[in-house]
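Architecture and fold: a report
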Amino acid sequence: MSALYILIIASIVVAAGFLVAFIWSVKSNQYEDREGASLRMLYDNEISKPHTESKFFKPQIDE
Amino acid sequence: MDFTERNDFVLSETPKQKVDCFHCGTACLTKDFTFDGRSFCCDGCKLVYEILNNNGLCDYYNIQQHPGLAQIKSIRNGKYGYLDENAISQKLFKFSDGKNAIVTLYVPGVHCSSCMWLLENLHRINTSIIDSRLNFSAKEVTIHFQQDKVSLRSVVELLTTIGYEPYISLDDSGNSKPPKFSKQKIYKLGVAGFCFGNIMMMSFPEYLAYHGTIEHQYVGLFRILNLILSIPVFFYSASEFFVSAWAGLKQKMLNIDAPIVLALIITYSRSIYEIFSGLGGGYLDSMSGIVFFMLVGRVVQERAYKSLSFHRDYKSYFPIAVSVVTSEGVVSKLLADLNAKDVVLVHHEEIVPADAILLKGNARIDYSFVTGETEPVHVSEGAMLYAGGKQNGEQITIQITKPVAGSYLTSLWNHRAFKTDKASKNIRESVVHSLSSYFTYILLALAVVTALYWALHDPSKILPSVSAMLIVACPCALLLAATYTNSNLLRIFSNNGLFMRDATVIEQFSKINHIIFDKTGTLTQGVALVQNSGIPMSLDECNWVYNIVKSSKHPYSRAMAENLGVQKAQKVENWQEVVANGVSGTVAGNEIRIGNIQFIGAVEGQHHSNFYVRINDKIYGFSVLPQLREGASATISSLQQQYKLSLLSGDNDKQRKALQSYFTDDRTLLFNQQPADKLTYVERCQKEGDSILMLGDGLNDAGALQQSNVGITLADDINNFTPGCDAILDAKRLAVLSSLCKLARSSGRMINFAFVVSILYNLIGLTISVQAKMSPMIAAILMPLSTLSIVLISTGLSAFVAKRFGLKV
């Protein structure tokens, strides 16, 4: 039955691990923006080509 | 004059050809703006498309259809000139070392996945931007850029050109940011949950130990482990309750946390005593459970709506800086540094920052947000302008007469109504608060009686019975009933478009017996056109008129163009617009004049129209009527049965007749009300014993919203800039207002019901404990049972009632 000592310690250590993981996730702002992350993963990083070439300007507002 | 219901105006059976703007999805009024074979509603939208197309960012349009926002409002060049001022930009930077800078900007226009994609790809448009990240829920974009290569001003202007104009207000530069949701509370909750779960597990053998199924050596181990696990619960997680109870005691007040703290301390010390003296396992499981459930309740209740702000005053509405004319030319000056006698330039669509005299220019000031008047006012040179008015038209030059804070409108914020903190006032008035002090006194009295009784009969039982009683009678069930009912109601209200500042508002809302409406922007919105003289125009005539009005920016012209739909473009000769009079031109040889009676050169007939159209010799009259919001009339008539209703309007009483048909008692329809008058009216009604719900929309209602018991702001876009209030109602949901009122009314009964159940549990516990028969086993069953059933009853009941009133759950 002394196995019980080890099992109890082990179970508390595992549970403590989850507690630490939880605190870390809160600390690293994972709950700050719950909608954003679900959208962000959908984008791919390719750059599409402009549809037509036009004599275009750099986005600047002049005085 | 009458109201018209939405969209019942059609000039004639004109076939409308509908083309939606590729960028924003608004119906295009002309075919003038096309690019790449795509149609746009205005130059602004077309420009955004061109920029994105040239930077290879057209994926923007693939993620969502018509993701953009209408760019019809043009942004004045140099509007953001003040960002070049070091003093201002430094205040906005989160980080800056001269080379790199990080700035976080609030972008109200963010609404879909395309927005997010574009805002996180800013570096492709300007390579000096290193990185940008959007917090979607808070609508805040954090931009990291090379300060030595690109200025903050250019970054803001870039955002503006692609259609995401950031909102920069004085509040950002001060330190008055609302406190962010505290992470500490979440940590405390996590720790309490962890300890509670483990203590429960360790205590389980203890419950059975009496039946001799567990070897004795383990019982000691479990107790010691429990004790170790309970240390963080008592000293860290529960610290909140200690702090609040102590704060109450210092003010000689027994708040609801006082009996809780008492119960916690007694439970903890008695448990320690029992464990060390080998008498039993103590009540550590119950104690950590209570702490955990109460923390859950508090966290859920304090859940904030991240992108909403309930604490805005006039500063959020006013610009951060204004253009001041000095001997060295025009410079940007912070609003707070503005002095009397300064000469200020006010451009189209800009706000008059302080009371001033008009020096030069054609002032057409829209005071609708300040006073509720619908018609813009013409002001002649030398006359007074009041802070908060918006200039429509050309640039004007004004001279400040009073500093910003002393201006007519802003002095409203000096009223004592703004000096009290409504949230803490609500707490003081709440039932839970008053009940808790009685509760504590009764409990203490009962403890004394029990102690006396046992002192006479069996003195050895004094301590066990009194401590057991104080443990069991912890008012946590009482508190839980209120917290869980309120937090679930908050959720239901927000699902139905009503966003409350905090849970204390619900109780105030439930006691309302008098509802006051603002008119302009609250009950009415926008305008409708009605032709009230002349025969209906022919198709050709419609087309001619369309060609004249499409180039004019006057609200009447726009309303006309919208009603006519897209039509064939024709060449217009001699087109000209006379400010404050009308537009004229010649189409296909027909002379067309649109404007007021003098402008078209006619004699006033029987019908008093707002404007006239003259085609050669034929005259048509049109009226512009304010439209009642969708659902407004139904809401009024259903609220009328249960509440006193009033109407406070800053507008003149032209519409009194039309409104009388909706309100039964026309003595409560008040017109020409100044912002301060509205506040006094609310105050007077409160003195007569009424509980007021004020429904408003603009700064002119700010005083009344603050003074009322519950101030609700109606907003077309809830992320728009609403004056300070207790709750924000999505204008599209105005129709459900009466159901929301019913739900709020029954909230009190729901909490009471849960109270009764919790008191039953308390009575059972008390009868057992005063007899000194309380065992850890019974406590361990009673505590989670009462907590869980209270949680279930309060959430279930509120959801059930909401459903019965036809609300979304």
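In this text the structure is predicted, and so the values were computed from the model without any measurement. (Residues numbered from 1 in each chain as written. Chains lettered and ligands numbered in written order. Predicted model: local features only at pLDDT ≥ 70, side-chain atom pairs only at ≥ 80, totals over all residues. Heavy atoms only, no water.)

Take the overall build of chain B next. Check the secondary structure of chain B and you find 28 helices and 28 strands. The 809 residues of chain B split such that 56% are buried. In chain B, of all internal contacts separated by at least 6 residues, the share reaching a separation of at least 24 is 68%. For chain B, the accessible area works out to roughly 34800 Å², and carbon and sulfur atoms hold 57% of it. (Helix = DSSP H or I, 4+ residues; strand = E, 2+ residues; numbered from the N terminus. Buried < 20%, exposed > 50% of the residue type's maximum accessible area, 1.4 Å probe, protein only. Contact = heavy atoms within 4.5 Å. Areas by Shrake-Rupley, 256 points an atom, 1.4 Å probe, with all protein chains shown as cover.)

All names here are of chain B. Applying the stated criterion to the full structure yields 21 aromatic pairs over all chains. Look at phenylalanine 22 and phenylalanine 40: their rings are 6.4 Å apart centre to centre, the planes differ by 85°, and that puts the pair in the edge-to-face class. With phenylalanine 22 in the segment before β1 (34–35) and phenylalanine 40 in the loop between β2 (38–39) and α1 (43–54), this pair connects stretches of sequence that are 18 residues apart. Taking 5.3 Å as the distance between ring centres and 80° as the angle between the ring planes, the aromatic pair formed by tyrosine 453 and tryptophan 454 counts as edge-to-face. Given the relative accessible area of 10%, tryptophan 454 is considered buried. Put simply, the rings of Phe22, Phe35, Phe40, Tyr49, Tyr60 and Tyr61 pair up and form one aromatic cluster. Sitting over the ring of phenylalanine 599, arginine 593 keeps its end group 4.4 Å from the ring centre. (Phe/Tyr/Trp six-rings, centres within 6.5 Å; stacked < 30°, edge-to-face > 60°. Lys NZ or Arg CZ within 6 Å of the ring centre and 35° of its normal.)

In this section: a nonpolar patch on the surface. Residues Val756, Ile759, Leu760 and Leu763 of chain B make up a contiguous nonpolar surface patch of about 360 Å² in total accessible area. Mapped onto the elements of the fold, isoleucine 759 of chain B is located in helix α27 (residues 737–770). (Patch = residues over 30% accessible without salt bridge, like charges linked within 9 Å, V, L, I, M, F, W, Y side chains within 5 Å. Salt bridge = Lys/Arg side-chain N within 4 Å of Asp/Glu carboxyl O.)

So, about the pairing of strand β3 (residues 93–96) of chain B. Residue and element names in this part refer to chain B. With 3 bridges connecting them, β3 and strand β4 (residues 100–106) associate as antiparallel partners. Pairing of phenylalanine 93 across the sheet is with valine 103, part of β4. Hairpin connection, β3 to β4: the antiparallel pair is bridged by 3 residues, and glycine 98 has positive phi, about 90°. (Pairing = 2+ DSSP bridges.)

Before going further, it helps to examine the sheet that holds strand β6 (residues 140–146) of chain B. All names here are of chain B. Strand order in the open sheet made by the 4 strands is β3-β4-β6-β5, with antiparallel pairing throughout. Of all the strands in the sheet, just β3 and β5 (129–135) have a single pairing partner and so form its edges. Between one strand and the next, the sheet's axes are offset by a mean angle of 10°, whatever the strand orientation. Direction of pairing for β5 relative to β6: antiparallel, over a ladder of 6 bridges. What sits directly across from asparagine 135, in β6, is glutamate 140. (Axes fitted to C-alpha atoms, helices over the stretch in contact; angles between N-to-C directions.)

Attention now moves to helix α16 (residues 431–457) of chain B. Residues and elements named next belong to chain B. With 27 residues, α16 should reach 39 Å at 1.5 Å per residue; the first-to-last C-alpha distance of 39 Å fits that figure. Every buried residue of α16 is accounted for by Val432, His433, Ser436, Ser437, Phe439, Thr440, Leu443, Ala447, Thr450 and Trp454. Tucked into the core, α16 has its buried residues touching α11 (257–276), α15 (422–429), α17 (462–472), α18 (476–495) and α27. (Expected span 1.5 Å × (residues − 1).)

What follows concerns empty space enclosed by the protein. All names here are of chain B. Going through the model one piece at a time under the given rule, you end up with 5 cavities of 30 Å³ or more. As a volume, the second largest cavity reaches approximately 80 Å³. Lining the second largest cavity are 10 residues, with Ser203, Glu206, Gly281, Gly282 and Asp285 sitting closest to its centre. Secondary structure elements with two or more residues in the lining of the second largest cavity: α8 (183–209) and α12 (284–301). Ranked by residue count, the leading element in the lining of the second largest cavity is α8, at 4 residues. Residues that form the lining of the second largest cavity fall into these classes: 4 nonpolar, 4 polar and 2 charged. (1 Å grid on protein atoms, 1.4 Å probe; cavity = no way out; pocket = protein on both sides within 12 Å on 5 of 7 lines; lining within 4 Å. Points joined across faces, edges and corners; volume = space filled by probe spheres on them. Nonpolar A, V, L, I, M, F, W, Y, C, P; charged D, E, K, R; others polar.)

With that settled, the discussion passes to the packing of α18 of chain B against α27 of chain B. In a pair of packed helices, the angle between the axes and the distance between the axes together describe the arrangement. Residues and elements named next belong to chain B. Orientation of α18 relative to α27, taken along the N-to-C sense of each, is 155°, at an axis distance of 8 Å. With respect to α27, the axis of α18 lies roughly antiparallel. Handedness of the α18/α27 crossing: right-handed. Counting all contacts with α18, which are made through Ala477, Leu478, Ala481, Ala482, Thr485, Asn486, Leu489, Ile492 and Phe493, the residues of α27 involved are Leu740, Leu743, Ala744, Ser747, Met750, Ile751, Ala754, Phe755, Ser758 and Ile759. Taken together, the residues of the contact of α18 with α27 break down into 15 nonpolar, 4 polar and no charged. (Parallel < 35°, antiparallel > 145°, perpendicular 65-115°, else oblique. Left-handed = near helix turned anticlockwise from the far one by under 90°.)

This next bit is on the nonpolar core. One recurring pattern in soluble globular proteins is that nonpolar side chains are buried together. Residues and elements named next belong to chain B. Ranked by internal contacts, the top residues of the largest apolar core, which has 66 residues, are Cys195, Phe241, Leu264, Val291, Met294 and Leu470. Element by element, the count of residues in this core is highest for α8, at 10 residues. Leaving out residues up to four positions away in the same chain, methionine 294 has contacts with Phe241, Ile260, Cys476, Leu479 and Leu480. Grouped together as the second largest cluster of nonpolar side chains are 55 residues, Cys21, Phe40, Tyr80 and Ala321 included. (Core = buried A, V, L, I, M, F, W, Y, C linked by side-chain atoms within 4.5 Å.)

Next up on the list: the side chain of arginine 629 of chain B. Residues and elements named next belong to chain B. Position of arginine 629 among the secondary structure elements: in the loop between β23 (618–628) and α23 (632–640). Residue arginine 629 is classed as buried on the basis of its relative accessible area, which comes to 5%. At 3.0 Å, the side chain of arginine 629 and the backbone oxygen of threonine 522 are in polar contact. (Polar contact = N/O pair within 3.5 Å; in protein donor to acceptor, adjacent residues only side chain to side chain.)

A few words now on the pattern of salt bridges. Residue and element names in this part refer to chain B. Taken as a whole, this structure holds 16 salt bridges over all chains when the rule is applied. Put simply, aspartate 342 and lysine 333 hold a salt bridge, and the shortest N to O gap is 3.0 Å. Given a relative accessible area of 14%, aspartate 342 falls into the buried group. The shortest N-O distance in the salt bridge between lysine 678 and aspartate 701 comes to 2.7 Å. Here the residue lysine 678 occupies a position in helix α25 (residues 675–687), and aspartate 701 occupies one in the loop between β26 (692–696) and α26 (702–707), the gap between them amounting to 23 residues. For lysine 678, a relative accessible area of 0% translates into the label buried. When salt bridges with common partners are traced through the structure, they connect Asp84, Arg153 and Glu157 into a single cluster.

The next point concerns unusual backbone geometry. Residue and element names in this part refer to chain B. Despite not being glycine, lysine 341 shows a phi value in the positive range, around 80°. Tracing the chain through its elements places lysine 341 in the loop between β8 (329–334) and β9 (343–346). In this structure, asparagine 616 takes a positive phi of about 50° despite not being glycine. Structurally, the position occupied by asparagine 616 is in the loop between β22 (611–615) and β23.

We now examine the environment of alanine 528 of chain B. All names here are of chain B. The topology assignment puts alanine 528 in strand β18 (residues 524–533). Residue alanine 528 is classed as buried on the basis of its relative accessible area of 8%. The spacing of alanine 528 and alanine 559 is 31 residues in sequence and 7.5 Å in space, taken between C-alpha atoms.

All names here are of chain B. What the 6 strands build is an open sheet, ordered β8-β7-β9-β15-β10-β13; its pairing is antiparallel. Pairing within the sheet leaves two strands with one partner each, and these edge strands are β8 and β13 (384–385). Across 6 bridges, the pairing between strand β7 (residues 321–326) and β8 is antiparallel. Of the residues in β8, the one forming a bridge with valine 322 is lysine 333.

Note that all results are geometric; they support no functional claim without further evidence.
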